[in-house]
Amino acid sequence: MNRQKNTSKLTESWHLNAILFLKMILIYVLIIFGTEAIFRKSIVGTLSWIAHSPFLFLSNIALLVMVSSFLLIFSKRIVWVTIGVGAIATLLSFVNIGKFALRNVPLLYEDFFLVKEVWVLMPQLVNLKTILIVVLGALVLAGLSFLLFKFFKNNALKKHRVLSTIFMSISLIILLIGQKVNSADLDISKTGFLYSLSNNTRASTNVVNKAQLEAAGTIFKNYVAAYDEQNPLSTDSNTVKPNIIVIQSEAFWDINKMGIEMSKNPISFFESLRKESHYGELYVPVVGGGTSNTEYEILTGMTLKNYSNDWYMVYPNEIKSPTVSLASILRKQGYEATAIHPYMSWYYNRLDVYKYLGFNEFRTIEFMNQITKVGEFASDQYTTEQIIEAVKNTEKPLFNFAVTMQNHGPYGNLRFNADEFDIDVTSKMSDSSRYFLHNYVQGLYLSDQSLENLVTYLRDCGEPTILVFYGDHLPMLGEDYQAFRDVKYIGNEDNASLQVDLRMMAIPYVMWKNYDDTSVKTPTMNASYMTSYLLKEAGLDMPDYLKALYMSRESLPLYFRNFGYDVNGNKYTSDSAEFINAKALYLLIHDDLKKGKGVEDWLPDNLSDYNKALSGIQVSSAEVSGDETKLEGVNFYESMVVTVNGEKVDFALVDSTHITIKKNLSSGNKIEMKLYDTEQKLLGSSTLFVMP
């Protein structure tokens, strides 16, 4: 009896609502087809995708139907639900199209936690074209919403909850089947955008079996023993430890590889430095952005290949407790570990991340004064001056890690006046490509000059020093690699191919020593191998996991997700023993590091002094002169807030130890100073100073 009753309810619900549900599904089919056609820039290509991957196309539809059906359990207004879900799906699709055009990586759910990072760069990204697209999109959406009311005719469902539950359940089953049969790291060209967005919430399929992990354990022990035998540490207590300076130069790349004609070589000094350095290329995980991922590989020796994709943001998502890094390793051996980045401290959560990595201090834009800029960003020359000051003012051996900002994209914005260009780009290309390249090349030239200034200082500084200089990724020169394609540096390869193409994923580096001018060209290697390579060249100790990775580098220096290359350029596929061993070794180390296994002696163990040398603002004396008061102290910053008796006052910064208040302060006045970031987080403060 109950069965007949339920069947009757379902039949009635179907007759009352089927047409409306089918209309809703048709709208979603059109939205997915339309946005995919725009993303792929081809209707034929979209039809081909549907024909070859019908289940993945169905999965995109199922995602929207599942969300809508769930909402319709609580609402009768199917038109409003369709408009709301369809508008959000369309908006996200266009955001993905925009992001992919700039960086050639899809929108991820983690990106929703990086709204601040995108917002602060918005003035660099927004132009007239963007504004027109947004306005046009809003008008189109309004028009389509009106047409939807006409299309549906009837907005209200009746006795629809049974049918809503069934549609939601069917959609959920389709998506669950997809989770079983589809890999978590499928390229967006195969999955479609919406399914890609949900698919990337899954853990990586980058796993190996138990036997391979056990074999990796044996390889690990053998590698460590071999490293220790080949590289015994010096027992001479008088050995001077070299300063170590690592500069990650924003978007620095060998532009000469593009084969374009220029009035002069913008990186001539960098090239000349190869004659007295270890040099080569590093395979980095990102292109056009994602700077912190290259940082992560260099600082920890670990690889983004341990995660579901190379553009997963490790800093804000993973570094939440003490983590082994170059900073902690070198501090354990008597170094002062400092970092410099002339940008907001909260960006990619770096202020907290650098604490957990073991740095003594992290000097960001808030802790800087009188910054010289190129366009909207701090100049490399200014950053170089900060590095030189760190060398001069540090008594211990210094480890300084600097991430520059000068040559940050996009390069279509106005950052140089016509009379500020030192180099002309003369090759034949479109006007827009020439504009991108002109801005980028001029920035490279200034970076090269700053590098020369630093090396000139280090040659005669009287302290043994190692300098590692490299770029974080290739620049984004227009949408869909526009300038690279325009000058025929690359052809019509799709994004999936270019993500594993060293033409787009390899950046140059030099490791220069002011006490050894030997020139050595190394095979192209993953950026993650630089960590152990640097420590070995400095003659310093390192955790066993880095020793193992150093030895692994010698057999397979280039490690991609599904293949690798040895030092002779021979390719090893995913089923080869060499590749499986490297993969299992990295995963074994990754799992051990998450547990803190084998690195107990290398973890940062004193985080309480982090940034105290910068955040401790102090007023030591005051002098009243005429109608102004001069204050002397330490750690004065032009962006700090000064209050007298609780009221904010204006001041003029003289230097980091002197400011002038345009008031005649009297005895008993109470002065306080506080430093905030742009998110109003307190970074530093002074004790209360009472005027004598």
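Quantities reported herein were computed from a predicted structural model and do not represent experimental measurements.

**Here we look at the pattern of salt bridges**
So, point 1. Going through the model one piece at a time under the given rule, you end up with 20 salt bridges.
So, point 2. For Asp-310, the salt bridge identified is with Arg-561, shortest N-O distance 2.8 Å. With Asp-310 in the loop between helix 12 (291–300) and helix 13 (314–318) and Arg-561 in the loop between strand 12 (558–559) and strand 13 (563–565), this pair connects stretches of sequence that are 251 residues apart.
So, point 3. By relative accessible area, Asp-310 is classed as buried at 7%.
So, point 4. A salt bridge links Lys-547 to Asp-544, with the nearest nitrogen and oxygen atoms 3.7 Å apart. Placement of both Lys-547 and Asp-544 in helix 22 (residues 544–555) is noted, with a separation of 3 residues, approximately one turn of the helix.
So, point 5. For Lys-547, a relative accessible area of 8% puts it in the buried group.
So, point 6. Overall, the relative accessible area of 33% leaves Asp-544 in the partly exposed class.
So, point 7. One continuous salt-bridge network, built from bridges that share partners, spans Asp-228, Asp-541, Asp-544 and Lys-547.

**Some thoughts on the side chain of Thr-323**
So, point 1. Residue position: Thr-323 is located in the loop between helix 13 and helix 14 (326–331).
So, point 2. Judged by its relative accessible area of 19%, Thr-323 is buried.
So, point 3. Of note is the side chain of Thr-323, whose polar atom sits 2.8 Å from the backbone oxygen of Ser-321.

**Focus: the pairing of strand 20 (residues 658–661)**
So, point 1. Both strand 16 (residues 628–634) and strand 20 contribute to a ladder of 4 bridges, which runs antiparallel. Bridge assignment links Thr-629 to a residue of strand 20, and that residue is Ile-661.
So, point 2. With 4 bridges connecting them, strand 19 (residues 651–655) and strand 20 associate as antiparallel partners. Paired with Leu-653 across the strands is Ile-659, a residue of strand 20.

**Here's the deal with unusual backbone geometry**
So, point 1. The step from Gly-409 to Pro-410 runs through a cis peptide bond, and the omega angle for that step is 0°.
So, point 2. You can see Pro-410 is positioned in the loop between strand 7 (398–403) and helix 17 (431–459).
So, point 3. Even without a glycine there, the phi angle at Asn-349 is positive, about 60°.
So, point 4. Structurally, the position occupied by Asn-349 is in the loop between strand 3 (336–341) and helix 15 (350–356).

**A word on helix 23 (residues 577–595)**
So, point 1. Taking 1.5 Å as the rise per residue, helix 23 with 19 residues should run 27 Å; its terminal C-alpha atoms sit 27 Å apart, in good agreement.
So, point 2. All of the buried residues in helix 23 are Phe-579, Ala-582, Lys-583, Ala-584, Leu-585, Tyr-586, Leu-587, Leu-588, Ile-589, His-590 and Asp-592.
So, point 3. Structurally, helix 23 contributes buried residues whose contacts are with helix 10 (210–230), helix 22, strand 12, strand 13 and strand 14 (571–573).
So, point 4. Of the residues flanking the end of helix 23, it is Gly-596, one or two places downstream, whose phi is positive at about 75°.

**Examining the packing of aromatic side chains**
Aromatic ring pairs are defined here through the distance separating the ring centres and the angle between the ring planes.
So, point 1. Scanning all chains against the criterion turns up 31 aromatic pairs.
So, point 2. Between the aromatic rings of Phe-359 and Phe-399, the centroid separation amounts to 5.9 Å while the plane-to-plane angle is 20°, which identifies the pairing as stacked. Taken together, the positions of Phe-359 in the loop between helix 15 and strand 4 (361–364) and Phe-399 in strand 7 put the pair 40 residues apart, joining distant regions of the chain.
So, point 3. The rings of Tyr-315, Tyr-354, Phe-359, Phe-362 and Phe-399 are connected pair by pair, giving a single aromatic cluster.
So, point 4. We note Arg-40 situated over the ring of Trp-49; from NZ or CZ to the ring centre the distance is 4.3 Å.
So, point 5. Over the aromatic face of Tyr-550 sits the side chain of Arg-553, whose NZ or CZ is 5.4 Å from the ring centroid.

Conventions adopted
- Residues numbered from 1 in each chain as written.
- Predicted model: local features only at pLDDT ≥ 70, side-chain atom pairs only at ≥ 80, totals over all residues.
- Heavy atoms only, no water.
- Salt bridge = Lys/Arg side-chain N within 4 Å of Asp/Glu carboxyl O.
- Helix = DSSP H or I, 4+ residues; strand = E, 2+ residues; numbered from the N terminus.
- Buried < 20%, exposed > 50% of the residue type's maximum accessible area, 1.4 Å probe, protein only.
- Polar contact = N/O pair within 3.5 Å; in protein donor to acceptor, adjacent residues only side chain to side chain.
- Pairing = 2+ DSSP bridges.
- Expected span 1.5 Å × (residues − 1).
- Contact = heavy atoms within 4.5 Å.
- Phe/Tyr/Trp six-rings, centres within 6.5 Å; stacked < 30°, edge-to-face > 60°.
- Lys NZ or Arg CZ within 6 Å of the ring centre and 35° of its normal.

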